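# Coordinate analysis (summary)
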Amino acid sequence: MYENRTHGSTRGTGLLGPLYSIDLFVLKNIQPNYIHYPFGVQESLALDVPVRIQSDDPVYSFLEAIERINLAKYFAPVRSNNSSSHDRVMLLRVILFSYMTSRKNISLRELESLCRTDCRFLYLSNYEMPSHQAFKRVLDILQEGAIDDIFFELSHHIAVDLMCIDPHVQFVDGTKIEANAHKNSFVYKKRIVNSRKKLYLSTSALLSEINSFFGYDYPLRDEYQSWDLFYVCQYLMEVMVQTDTQICYGIGHRKSSIQRYYDALLKMALKLMEYEEWLYTLGNRNSCSKTDLDATFMATKWDYYNQSGVTRPCYNCQIAVSEGLIVNADIFQNPGDTLTWQAFMDRYHDYTGKYPCRPVADAGYGSLDNYLYNLKNGIELVQKYGNFGKKKDRRFQKRIYNVLNWKQTEEGFLICPEGRVLDQYEGDNISRTRGGNLHISQMYAEKGHCEGCPRRSQCFRFGKYRRVGKNVVMEELQGKVDENLGCEEGKGLCRQRSIQVEGAFGILKQDRGMTRFRRRGLKGVKMEFLLNCLGLNLYKYHLFWLKQRANNLIGKLN
């Protein structure tokens, strides 16, 4: 149908001018038995192009979620003469929406690109197209403390006001997420302490030589401070200056005796100062990373290369989930979960004004300090303890020499497998817990001290006879935990804990790729983690919003 046309081009016109250009030479060689599509290329774009966003897009639910939140109170007012700056509330909305819709830990460069290509981000940014530096300035403000207030206000608004969730029942758990640090950049406190002890001995030996050689009277101590050694170095330098002693370094130069002692003592002083700096950085921790000083080396569960646990620089991330929403989240530096409980509950109380009534947790949180803390603040004992699950384990029940499987008399004394009663009181074993509470164990033994028992060698290995401890307070608290979690409601709470909190961690780590932090430092890591938790909460609300929307449409049809 195009055989009679000559080589050339034709141009169409419209309301806004030329719209397309068609090459007739290209159309001539097209086979006529195929379906043809126009090859027009738009040369100019209209100034106002109407963009239709689907009615079920997350941007609608996002705007509804943050509609009643006053985000401007978290930022200081911008100077009036700074006309080139962007609205910080607008930038924060774009950041929150990116964490809501992104399936990975998005970077600021990618966020800048979205504000130029995605119509939803163009709308949220008021077509201003901010740069990555503008977002960085907002994030720098958030990590100084505003992110905590934003997280709790927005999460409480979504949970209570929009989704009508009762956050009194919470499911608590923690996980370890790798820090942005090299795995071989470890610093261990025990090694530094041992090296410092050896340095103390070398310092005493060197000061003894200086005293005997020059007739000085510097005191020899068991421990030294770096500034003590620097004072001695300063005095030796003054002596060399006053006596016009030549200070020389390098091959072919022979040092004087006082310079050799000066150089050796200065080296020890610098090394001791380095140890003091590392111990100050470590604080109460046992390890840290040279790349990220706030990260702690923790034992992770799985490694890609050796298929086993490996020690990496990580942060301990704690969350509390209620009906699928994360209502509390925080970052800790200690690897265990036991010491995070009280600070985690206090954090929720500081921002909401109340404690959760039933925070369900696994055995990692069950300790005497945490149970007493719960009783003090009106929190129910629904946290498992170490041997909670083993009591009903058939394999564990076959261990007849474990005191948990022994029977008791009516008075509460244990009966060993041989049938002997351990009712001989032998005093108390008193110690202090990490929280400062008294841990009193009443020690009991058999009256005959296991004489003539045929199972003596199998029952115990150390000591002359078998002794067992009984902590009356801890056993009473554990009995209350068994009562709360042993009923049908308690069993349901245990199942929901595995479903909800483990599911939230699965979405964060597997679906959203949050397996390694991008930022370094405790403040930056905490801000990044809370932004990811807010993104998950906003996405959960979007699913709830879609369900409510579908129910409303069905109600109208009926």
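Refer to the structure presented above.
Now for a description of the structure that goes with this document. Source: prediction; values computed, not measured.

Conventions we followed
- Residues numbered from 1 in each chain as written.
- Predicted model: local features only at pLDDT ≥ 70, side-chain atom pairs only at ≥ 80, totals over all residues.
- Heavy atoms only, no water.
- Pairing = 2+ DSSP bridges.
- Helix = DSSP H or I, 4+ residues; strand = E, 2+ residues; numbered from the N terminus.
- Axes fitted to C-alpha atoms, helices over the stretch in contact; angles between N-to-C directions.
- Expected span 1.5 Å × (residues − 1).
- Buried < 20%, exposed > 50% of the residue type's maximum accessible area, 1.4 Å probe, protein only.
- Contact = heavy atoms within 4.5 Å.
- Parallel < 35°, antiparallel > 145°, perpendicular 65-115°, else oblique.
- Left-handed = near helix turned anticlockwise from the far one by under 90°.
- Nonpolar A, V, L, I, M, F, W, Y, C, P; charged D, E, K, R; others polar.

## A closer look at the sheet that holds strand 14 (residues 438-445)
The three strands are arranged 13-14-15 in an open sheet whose pairing can be described as antiparallel. The open sheet terminates on both sides in strands that have one partner only, identified here as strand 13 (424-432) and strand 15 (467-470). Geometrically, the sheet is characterised by an average inter-axis angle of 30° between neighbouring strands, direction not taken into account. With four bridges connecting them, strand 14 and strand 15 associate as antiparallel partners. From the neighbouring strand, A445 faces strand 15, where its bridge partner is R467.

## Remarks on the sheet that holds strand 12 (residues 421-422)
Ordered in space as 10-11-12, the three strands form an open sheet in which the pairing is antiparallel. At either margin of the open sheet sits one strand with a lone partner, and together these are strand 10 (407-408) and strand 12.

## Points about helix 7 (residues 189-214)
With 26 residues, helix 7 should reach 38 Å at 1.5 Å per residue; the first-to-last C-alpha distance of 37 Å fits that figure. Taken residue by residue, helix 7 has I192, L199, Y200, T203, S204, L206, L207, I210 and N211 as its buried positions. Check the buried side of helix 7 and you find it contacts strand 4 (186-188), helix 8 (226-242) and helix 9 (257-282). A positive backbone phi angle near 80° is found at G215, which sits one or two residues after helix 7.

## Observations regarding the packing of helix 15 (residues 488-511) against helix 16 (residues 522-557)
Close contact between helix 15 and helix 16 brings their axes to 11 Å; oriented N to C, the two are set at 110°. Here helix 16 runs roughly perpendicular to helix 15, going by the angle between their axes. Handedness of the helix 15/helix 16 crossing: right-handed. Contacts between helix 15 and helix 16 involve A504, I507 and L508 on the former and, on the latter, F529, N532, C533, L536 and K540. Its residues assigned to classes, the contact of helix 15 with helix 16 shows six nonpolar, one polar and one charged.

Take it as geometry only, folks, not as evidence of what the structure does.
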